[in-house]
Amino acid sequence: MMEKVIFLVDMQSFYASIEKSANPKLQDRPVVVAGDPERRSGIILAACPIAKQYGVKTAEALWQAQEKCPELVIVRPRMKLYIDLSYQITQILERFTDQVEVFSVDEQFMDLTGTERLFGDKYSVARKIQEEIQEELGVYARVGMGPNKILAKIACDAFAKKNENGMFYLSHDNMKDTMWHLPVGKMFGVGSRMERHFARMGIQTIGDLAVYPVHYLKKRWGINGEVLSNIANGIDYSPVKTETHNKQKAVGHHMTLPRDYETLEDIKIVLLELCEEVAKRARAKNYRGHTLSLGLRGANFDLPTGFHRQIKLTSPTNYGMDLFHAALQLLSKHWDGLPVRSVGVTLSQLQSADVYQLSLFNPSVEKDQLSKAMDDIRKKFGHTAIVRASSLNKAGQVFDRAQKIGGHYK
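From a predicted model like this one, the values you see are computed outputs, not experimental measurements.

## Section: the packing of helix α1 (residues 14-22) against helix α4 (residues 79-93)
Moving on, step 1. Contact pair α1 / α4: the axes reach a minimum separation of 11 Å and the direction vectors enclose 95 degrees. Here α1 lies roughly perpendicular to α4, going by the angle between them. The segment α1 lies against α4, with Phe14, Tyr15, Ile18 and Glu19 engaging Met79, Leu81, Tyr82, Leu85, Ser86 and Ile89.
Moving on, step 2. Looking at the contact of α1 with α4 residue by residue, the class counts come to eight nonpolar, one polar and one charged.

## Digging into helix α13 (residues 320-334)
Moving on, step 1. Here α13 contains 15 residues, and its C-alpha end-to-end distance of 21 Å stays within 8% of the 21 Å for a straight helix at 1.5 Å per residue.
Moving on, step 2. Against α12 (264-284), β10 (287-298), β11 (306-317) and β12 (340-352) lie the buried residues of α13.

## Things to note about α12
Moving on, step 1. Here α12 is 21 residues long and its end C-alpha atoms lie 30 Å apart, about the 30 Å a rise of 1.5 Å per residue gives.
Moving on, step 2. Most of α12 sits inside the fold, with 15 of its 21 residues counted as buried.

## Structural notes on empty space enclosed by the protein
Moving on, step 1. Within this structure, the stated rule accounts for two cavities of 30 Å³ or more.
Moving on, step 2. Forming the walls of the second largest cavity are Gly298, Thr305, Gly306, Phe307, Trp335, Asp336, Leu338, Pro339 and Val340.

## What to know about the state of the cysteines
Moving on, step 1. On inspection of all chains with the given rule, the structure shows zero disulfides.
Moving on, step 2. Cysteine cysteine 156 shares no disulfide, and the gap to the nearest cysteine sulfur, in cysteine 48, comes to 19 Å.

## Brief notes about unusual backbone geometry
Moving on, step 1. With a phi angle near 80 degrees, alanine 59 is a residue other than glycine that sits in the positive phi range.
Moving on, step 2. By the secondary structure assignment, alanine 59 is in the loop between α2 (49-53) and α3 (62-68).
Moving on, step 3. You can call alanine 59 exposed: its relative accessible area is 58%.
Moving on, step 4. A positive phi angle is found at glutamine 349, which is not glycine, with a value near 50 degrees.
Moving on, step 5. As for its placement among the helices and strands, glutamine 349 is situated in strand β12.

## A few points about the side chain of serine 371
Moving on, step 1. Structurally, serine 371 can be placed in helix α14 (residues 364-381).
Moving on, step 2. Non-local contacts of serine 371, meaning those with residues more than four positions away in its chain, are made with Arg283 and Tyr319.

## Here we look at the pattern of salt bridges
Moving on, step 1. A complete count under the given rule lists 22 salt bridges for this structure.
Moving on, step 2. Taking the shortest distance from any N to any O, the salt bridge between aspartate 266 and arginine 259 comes out at 3.7 Å.
Moving on, step 3. What makes arginine 259 partly exposed here is its relative accessible area of 29%.
Moving on, step 4. Between lysine 372 and aspartate 376 there is a salt bridge whose closest N-O contact spans 2.9 Å. Taken as a pair, lysine 372 and aspartate 376 lie in helix α14 at a separation of four residues, close to a single helical turn.
Moving on, step 5. Owing to a relative accessible area of 34%, aspartate 376 belongs among the partly exposed residues under this scheme.

## Observations concerning the sheet that holds β12
Moving on, step 1. Judged by pairing direction, the sheet is antiparallel, and its four strands sit side by side in the order β9-β12-β10-β11 without closing on themselves. On the outer flanks of this sheet lie β9 (250-261) and β11, each paired with one strand and no other. Across the sheet, the mean angle separating the axes of adjacent strands is 15 degrees when strand polarity is ignored.
Moving on, step 2. For β10 and β12, the ladder comprises 11 bridges, and the chain directions are antiparallel. Within β12, the residue paired with leucine 294 across the bridge is valine 345.

## Side note on a positive patch on the surface
Moving on, step 1. Together, Arg193, Arg196, Arg200 and Arg220 give the surface a local cluster of positive charge.
Moving on, step 2. Per element, the largest residue contribution to the positive patch is three residues, and it comes from helix α8 (residues 192-200).
Moving on, step 3. Topologically, arginine 193 is positioned in helix α8.
Moving on, step 4. Residue arginine 193 is classed as exposed on the basis of its relative accessible area of 63%.

## A word on the nonpolar core
Moving on, step 1. Within the largest apolar cluster, 47 residues are counted, with the highest numbers of intra-cluster contacts made by Phe7, Val9, Phe14, Val56, Met110, Ile129 and Ile133.
Moving on, step 2. Broken down by element, the residue count for this core peaks at six residues, all from α4.
Moving on, step 3. With sequence-adjacent residues up to four places away left out, methionine 110 is seen in contact with Val5, Ile6, Phe7, Val9, Leu93, Phe96, Thr97, Gln99, Val100, Ile129 and Val240.
Moving on, step 4. Within the second largest apolar cluster, 37 residues are counted, among which are Val278, Leu292, Leu328 and Trp335.

The rules behind these values
- Residues numbered from 1 in each chain as written.
- Predicted model: local features only at pLDDT ≥ 70, side-chain atom pairs only at ≥ 80, totals over all residues.
- Heavy atoms only, no water.
- Axes fitted to C-alpha atoms, helices over the stretch in contact; angles between N-to-C directions.
- Helix = DSSP H or I, 4+ residues; strand = E, 2+ residues; numbered from the N terminus.
- Parallel < 35°, antiparallel > 145°, perpendicular 65-115°, else oblique.
- Contact = heavy atoms within 4.5 Å.
- Nonpolar A, V, L, I, M, F, W, Y, C, P; charged D, E, K, R; others polar.
- Expected span 1.5 Å × (residues − 1).
- Buried < 20%, exposed > 50% of the residue type's maximum accessible area, 1.4 Å probe, protein only.
- 1 Å grid on protein atoms, 1.4 Å probe; cavity = no way out; pocket = protein on both sides within 12 Å on 5 of 7 lines; lining within 4 Å.
- Points joined across faces, edges and corners; volume = space filled by probe spheres on them.
- Disulfide = S-S within 2.5 Å.
- Salt bridge = Lys/Arg side-chain N within 4 Å of Asp/Glu carboxyl O.
- Pairing = 2+ DSSP bridges.
- Patch = residues over 30% accessible without salt bridge, like charges linked within 9 Å, V, L, I, M, F, W, Y side chains within 5 Å.
- Areas by Shrake-Rupley, 256 points an atom, 1.4 Å probe, with all protein chains shown as cover.
- Lys, Arg positive; Asp, Glu negative; His and termini not counted.
- Charge placed at Lys NZ, Arg CZ, Asp CG, Glu CD.
- Core = buried A, V, L, I, M, F, W, Y, C linked by side-chain atoms within 4.5 Å.

Fair warning: the whole summary comes from geometry, so function is off the table for now.
Pasting the structure below:
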């Protein structure tokens, strides 16, 4: 059987690279893309290589980055532009294969198995991809290559990003001499908490995990233990799927608040806005959900507070007030009364909205008609054409959020 050829194409400092390409005056300057420093969104979303030389890191607070590099050039994010260019990158990759899977806004998998006669060997194809993206969009791409998705991903993250040519091929033949020497925390799927668990078990490197008896891992973490063992051994049978994002498992929305919300009344206002937004998104995808999850994070990072809980709904729904009443139950039961910095609502266990059980005690038809009327008004006149009266209060965020994509201004 022919060994697969899988690429993971990753854009270097994607947002910052786009801004530098759009403004040549920024080429030799330390540039970061960050949220509004006057609000809680003053976080580094992307840092160019020059900024990184000063120690600036993605996801750190803007003020911390400015302390490291006083000459930092701060650019506000333009999410619509980044999303549009991400789509253009997909179109470039589809010139080489129709098997392209969008993994994130700046990462995409490709299955190039059997295309050697058309485009040459894998290194030649990777170079052509880099050249075309650079020439057309002004963004530098790194390419991780492997016989499966997990090895291509690790090849990109751990090796291609450090290589001068931006490429690396990781296979079962060379992974013991390369990947296995990496700290286990560098492995895809291992976060800081899992890394601490492994350290207590004497597992320091990916190689240590690869040879660790899998039955012990399964006993402690179930099927996830076996998955981690497979990753360490370079085993991954998942195909590149062009329809990855077509079928959702959940619909959610998260909001970082512009200030600490300390009262129940203020929190209820944004909670209703979130539930309405999640319900609207579920309807747009033609879904109803059986389970609602609510997450709150406290305002004190040094002493983390908050909760994440879920509740089973009495019947599958995509009606905003149904979600709000369920979320309110969770809030009333689990909120500790301390100031809140962020709130998130998720609707899961999705099913088609076309089929559902009618009930004498649940006026589903009326809810559907009301929801459709609200959706139609918003489509025609804009997202804020019709809002809940509570959103007119100072705590409401719906008008500010309407100006944003992905939590950032368009």
